[in-house]
Structures are given as C-alpha cells and as structure tokens.
Number of protein chains: 2
Amino acid sequence: VSDVVLTNGDIDHIGGLLSLREGHAFTIHATGDIHRKLDSNPVFGVLDRRTVTRAVLDPGVKLTLTSGLAIELFPIPGKVPLYLEDGEVTIDHSGKTAGVEVSHGERRFFYVPGCAEIDRDTSRRLANADLVFFDGTLWADDEMIATGTGTKTGRRMGHMPVGGFDGSLAALKSAGVERLIYVHINNTNPMLIEGSPEHRVVLAAGAEIGHDGQVIEL
Amino acid sequence: VSDVVLTNGDIDHIGGLLSLREGHAFTIHATGDIHRKLDSNPVFGVLDRRTVTRAVLDPGVKLTLTSGLAIELFPIPGKVPLYLEDGEVTIDHSGKTAGVEVSHGERRFFYVPGCAEIDRDTSRRLANADLVFFDGTLWADDEMIATGTGTKTGRRMGHMPVGGFDGSLAALKSAGVERLIYVHINNTNPMLIEGSPEHRVVLAAGAEIGHDGQVIEL
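Residues numbered from 1 in each chain as written. Chains lettered and ligands numbered in written order. Predicted model: local features only at pLDDT ≥ 70, side-chain atom pairs only at ≥ 80, totals over all residues. Heavy atoms only, no water.

**Student:** Any chance you could explain the overall build of chain A here in plain terms?
**Tutor:** A tally of helices and strands in chain A yields six helices and ten strands. For a compact globule of 218 residues, the expected C-alpha radius of gyration is about 17 Å, and chain A comes in at 17 Å, within 12% of that figure. Along the first, second and third principal axes, the C-alpha set of chain A runs to 50 × 45 × 30 Å. Residue burial in chain A is summarised as follows: out of 218 residues, 46% are buried. In chain A, the proportion of contacts linking residues at least 24 apart, taken out of those at least 6 apart, comes to 61%. As displayed, chain A offers around 10600 Å² of accessible surface, 50% of which is attributable to carbon and sulfur atoms. Computed over 20 positive and 30 negative side-chain charges, the inter-centroid distance for chain A is 4 Å. (Helix = DSSP H or I, 4+ residues; strand = E, 2+ residues; numbered from the N terminus. Rg over C-alpha atoms; globule rule 2.2 N^0.38 Å. Buried < 20%, exposed > 50% of the residue type's maximum accessible area, 1.4 Å probe, protein only. Contact = heavy atoms within 4.5 Å. Areas by Shrake-Rupley, 256 points an atom, 1.4 Å probe, with all protein chains shown as cover. Lys, Arg positive; Asp, Glu negative; His and termini not counted. Charge placed at Lys NZ, Arg CZ, Asp CG, Glu CD.)

This is the structure:
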C-alpha cells in the first residue's frame, strides 16, 4: 500500500487505518475536512507522522501518484459522519463526502461508496462512464425499518436506495454507465441473496454485485 | 454481547468497539482512565450513549454481571498507549493497564493480554491459578529488531518476553499456574510455528498457544 484515498470521514472509511499502524510508510490523501476529523481523534496518532504522510487533496484537483495512477476527488451529496451528528441532519453538497475518479491514460473508473442523491452534477460526472463502483447500502429506503434492524431511512443515513424508479440503478443505467458494480452493501439488502427478485433485477439491468477478493481488469 | 471489559486503552483493545456500533445494547466496563481515552476520541461516539452504557470499574472492585459472571480488574505493569506516547516511556504500575479475574462460584480464570513485567503483586495474584490467559506478544525481547520488523524491544512496548530465564513462561510455571494459554501473539513470535524449538518449549512446559475459535470449559 503506497497511497490511501479517503472519500468520507465516517468509521467504515477511516476505521481501517487503525489496522495499517505497524510502521508501514504510505500517504493518506483526503480533503482538509477529513484530515481534521482524523486529527481530532488521538487514536489515529498510531499512524506516526514521520512514516505516514498526510496530504490534503482538494476536490477538483487531479493528482498523479508515483504508481502512475491519477486521482481526483469530486463532491457527492452526503451527510456528516454518524459520530458527529448533532440535531437535525441535512444533506451536504459541499464535498465533505466525495467520490473519486481514478485514471491511467485513457482508462478510468469512479468509486462512489456513499451517495445521498444523484443530483445533476453527479449525473453529469458519471454519464457514459466505463466503470462505476457505487453505493449499494440499501435496496429500499425503508429497509432498515422494515427489517427491524434500525429506525432510520436510507436517505437519512446518507444513502440513496438501489431499487425503485428513483433509485441509483435506474439513474445510473439511464445516464449510460457501461459497467456498474455495487459496493458498500448492507447485510439487509436483499440483492445480496442469489435468486431473489432484487438480485435478478440487478443482473437483468446488466449491473453487478461486488464481492470480496474481486479482481477487475480495465 | 451484553458486557465488554477493557483492560487497556491501546488500539488492539478498543478498536473492536468500532465494529459493535450498529445499535446493539451492551455495557462497557473499564477504569475511569480508559473511559477518558474513549471519550477523547469522537469516533467512539458511534456507540450511542442511549444504547451503550459506560460503567467505571475501579481496580479491586468485584462486580457481578447479569450473566452471573463476576469480574475484577487488577493493576498490571504496563505502558501508555502508543498513540499517547510522548517522549520517554516508563513502565506504569498505577493500573492504567489491567488484568481481569473472571469468576463464577469457585471457578475462575485470569485474562492478562498485556504485561510489561511479572512483579511481586502480579506473581502473588496469579499464583496457583487454574487458568491464565497471558501476553504472548514476543518470544524474545529483541525479536522485532532481530526480524527487521521494528526498532523497539518488547519491554519498551510494554510486553515481557515468553522465553528465557526471565520470561513469562518460567515465571508463571514456577508460580504454580495450572493451565497457561498464550494470547495476543505477534506474528514474529516463533512459538506460532508448529515444530519450532520455541513451540516445543511451550508444549513441554505444559502451556498452550491460543487460537481463533478456541472453546474452553472450566
């Protein structure tokens, strides 16, 4: 691991850093906002600053890494991390949640693990993309409530649903995304169950359900 | 999970809490010092205080849980968590690192995953115990340096070695510990390699090397 790119300050995006603490040298690329969240938690001090470089990457700036890959963050509608929620939660469009475009020459893909809404900017950005990894948290907005596993809707958690006329599957396929792979899938999402109606809908639309250990050639 | 007992404030003891954040109700038992470390990291706010109870447990106080198990923390020589190290590190005896005695009626065991030194109090506490889970981080004090995986000695990291005339194996067997199971074993420790001289020494002494999924009847 030579570079780590953070698109979000919530636990499922930053918690893994605590497993990279054994003196391995790498660079963390993230917005200033996300770096401030790391800095405000002393536990991330295990990533010794003499070994692990913190680099601020502002949305819209394309950076070429030593590996030859280029990365560019772009704002995605999202919400504040759960551990920083305080009172009413609104959807933020200022880039506190980001997607990342990764490119090498003419080849590129987008990684968008959390997205509250495909607004016009997001739709334009992803239109006709060869490959998009996208937020597959929930199938239906009320899924956590319906399964008795939570009290919040998906949109309240900053995740738009996959299914339905206003879900991400319809939006991304109609935006001409060539290859669509769902990631960041909650264990309540019925599209995980092979043979389920939701699983069949995803496959019939030509999309894919990501899995551990998946290798993708671009 | 109804109760979580913390014996130490370092990442390998508290990091797992971040995986228990999905609304499950339980109680965290720890010293005030460890609770303050959690409180000083906003990420642990994902454990909603309306659901996850923080209970201060002072060393030397025996607490019976609803399960019927009783727990008692006791001070163990240790050091400050890595992420809070600042300048010279000395071994602390004030209970910032703890062991825990777990009992049910006449049956009991000790869990001591980190220990910098078996001093007289620790030796007395563990003498003639039926079962002890003990810090198996390193075989030799200079193991990280010798294997090129680190620059610190074990004692500098707050972990006494297993092997040698002054190691934990000699100390605990001579203190009459009946069943000794090593846990918290670093991947540089050669006792993990079946058939190695160090592995054979552990088995010959009647001790055991803990493994994932191990089930113990007491």
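Still more to cover.
**Student:** What am I meant to see in the sheet that holds strand 6 (residues 98-104) of chain B here?
**Tutor:** Strands pair in a sheet through their backbones, by hydrogen bonds, and they do so in one of two ways: parallel or antiparallel. Residue and element names in this part refer to chain B. Taken in spatial order, the seven strands make up an open sheet running 4-5-6-7-8-9-10, and their pairing is mixed. The open sheet is flanked by strand 4 (62-64) and strand 10 (208-209), the only strands paired with a single partner. One ladder, built from two bridges, connects strand 9 (residues 179-183) with strand 10; its direction is parallel. In the sheet register, isoleucine 181 faces strand 10, and the bridge partner there is glutamate 208. (Pairing = 2+ DSSP bridges.)

**Student:** What exactly am I supposed to notice about the relation of the copies chain B and chain A here?
**Tutor:** Superposing the two chain copies requires a rotation about an axis and a translation along that axis. With an RMSD of 0.0 Å, the operation that places chain B on chain A is a rotation of 180 degrees combined with a shift of 0.0 Å along the axis. Viewed as a symmetry operation, the transformation between the two copies matches a two-fold axis. No C-alpha of chain B approaches the rotation axis more nearly than that of Asn41(B), which lies at 2.3 Å. (Least-squares fit on C-alpha atoms with pLDDT ≥ 70 in both.)

**Student:** Got a minute to help me understand the interface of chain B and chain A in this structure?
**Tutor:** How large an interface is tends to be reported as the accessible area lost when its parts come together. The partner chain A presents 15 residues to the 15 residues of chain B that form the contact. Considering only the surface of chain B that becomes buried against chain A, Ile11(B), Pro42(B) and Val43(B) emerge as the three largest contributors, covering 37% of it. In the side of chain B that touches chain A, the residues fall into ten nonpolar, three polar and two charged. (Buried area = accessible area lost by both parts, 1.4 Å probe. Nonpolar A, V, L, I, M, F, W, Y, C, P; charged D, E, K, R; others polar.)

**Student:** How do you make sense of the packing of aromatic side chains when you look at a structure like this?
**Tutor:** The relative placement of two aromatic rings is captured by the distance of their centres and the angle of their planes. Tallying each qualifying case throughout the model produces six aromatic pairs over all chains. Aromatic pair Phe74(B) and Phe110(B): ring centres 5.9 Å apart, planes at 80 degrees, arrangement edge-to-face. A residue pair is termed long-range when its members are at least 10 positions apart, and Phe74(B) in strand 5 (residues 70-75) and Phe110(B) in strand 7 (residues 107-112) qualify at 36 residues. For Phe74(B), a relative accessible area of 2% puts it in the buried group. Of the residues examined, Phe110(B) reaches a relative accessible area of 1% and is grouped as buried. Chaining the aromatic ring pairs together yields one cluster made of Phe109(A), Tyr111(A) and Phe133(A). (Phe/Tyr/Trp six-rings, centres within 6.5 Å; stacked < 30°, edge-to-face > 60°.)

**Student:** Can you walk me through the layout of surface pockets in this structure?
**Tutor:** Empty space among the atoms becomes visible once a probe the size of a water molecule is rolled across them. Put simply, the second largest pocket is a space of about 1300 Å³. Lining the second largest pocket are 44 residues, with Leu82(A), Lys152(A), Met157(A), Arg21(B) and Glu22(B) positioned closest to its centre. A per-element tally of the lining of the second largest pocket places helix 1 (residues 11-14) of chain A first, with three residues. Tallied by class, the residues present in the lining of the second largest pocket amount to 13 nonpolar, 21 polar and ten charged. (1 Å grid on protein atoms, 1.4 Å probe; cavity = no way out; pocket = protein on both sides within 12 Å on 5 of 7 lines; lining within 4 Å. Points joined across faces, edges and corners; volume = space filled by probe spheres on them.)

**Student:** Honestly, unusual backbone geometry in this entry has me stumped. Any pointers?
**Tutor:** Residues apart from glycine generally show negative phi values, whereas peptide bonds are mostly found in trans. Residues and elements named next belong to chain A. Even without a glycine there, the phi angle at asparagine 128 is positive, about 60 degrees. On the secondary structure map, asparagine 128 appears in the loop between helix 3 (120-126) and strand 8 (131-135). Unusually for a residue other than glycine, histidine 184 sits at a positive phi of about 55 degrees. Mapping histidine 184 onto the fold places it in the loop between strand 9 (179-183) and helix 6 (197-204).

**Student:** Explain the confidence of the model for chain A here, please?
**Tutor:** Caution is warranted with low-pLDDT regions, since their predicted coordinates should not be read in detail. Averaged over every residue, the pLDDT of chain A is 93; residues scoring 70 or more account for 100%. For chain A, the element scoring lowest by mean pLDDT is helix 4 (residues 143-146) of chain A, at 90; strand 8 of chain A scores highest, at 98. (pLDDT = per-residue confidence, 0-100.)

**Student:** Is there a simple way to explain the environment of Leu6(B) in this structure?
**Tutor:** All names here are of chain B. As for its position among the elements, leucine 6 is in the loop between strand 1 (3-5) and helix 1 (11-14). In this structure, the C-alpha to C-alpha distance between leucine 6 and serine 174, residues 168 residues apart in sequence, is 28 Å. Among residues more than four places away in sequence, those in contact with leucine 6 are His13, Ile14, Leu17, Ile28, His29, Ala30, Ile34, Leu38 and Leu73.

**Student:** Help me understand the nonpolar core in this model?
**Tutor:** Soluble globular proteins tend to pack their nonpolar side chains together in the buried interior. In terms of nonpolar packing, the biggest core is built from 34 residues, with Leu6(A), Leu17(A), Phe44(A), Leu6(B), Leu17(B) and Phe44(B) touching the most fellow members. Among the secondary structure elements, those contributing two or more residues to this core are helix 1, strand 2 (26-30) and helix 2 (32-39) of chain A together with helix 1, strand 2 (26-30) and helix 2 (32-39) of chain B. (Core = buried A, V, L, I, M, F, W, Y, C linked by side-chain atoms within 4.5 Å.)

**Student:** What is the right way to read the pattern of salt bridges from this model?
**Tutor:** A pair can form between side chains of opposite charge whenever their charged atoms are brought close. Applying the stated rule across the entire model yields 20 salt bridges over all chains. Across the pair Arg156(B) and Glu85(B) runs a salt bridge whose closest N-O atoms are separated by 2.7 Å. Taken together, the residues Arg156(B) in the loop between helix 4 (143-146) and helix 5 (168-174) and Glu85(B) in the loop between strand 5 and strand 6 connect sequence positions 71 residues apart. Each of Glu72(A), Glu101(A), Arg108(A) and Arg125(A) takes part in one network of salt bridges that share partners. (Salt bridge = Lys/Arg side-chain N within 4 Å of Asp/Glu carboxyl O.)

**Student:** What is the right way to look at the side chain of Ser103(A) in this model?
**Tutor:** Inspection of the secondary structure assignment puts Ser103(A) in strand 6 (residues 98-104). Contact partners of Ser103(A), with chain neighbours within four places excluded, come to Lys62(A), Gly68(A), Leu69(A), Ala70(A) and Arg108(A).

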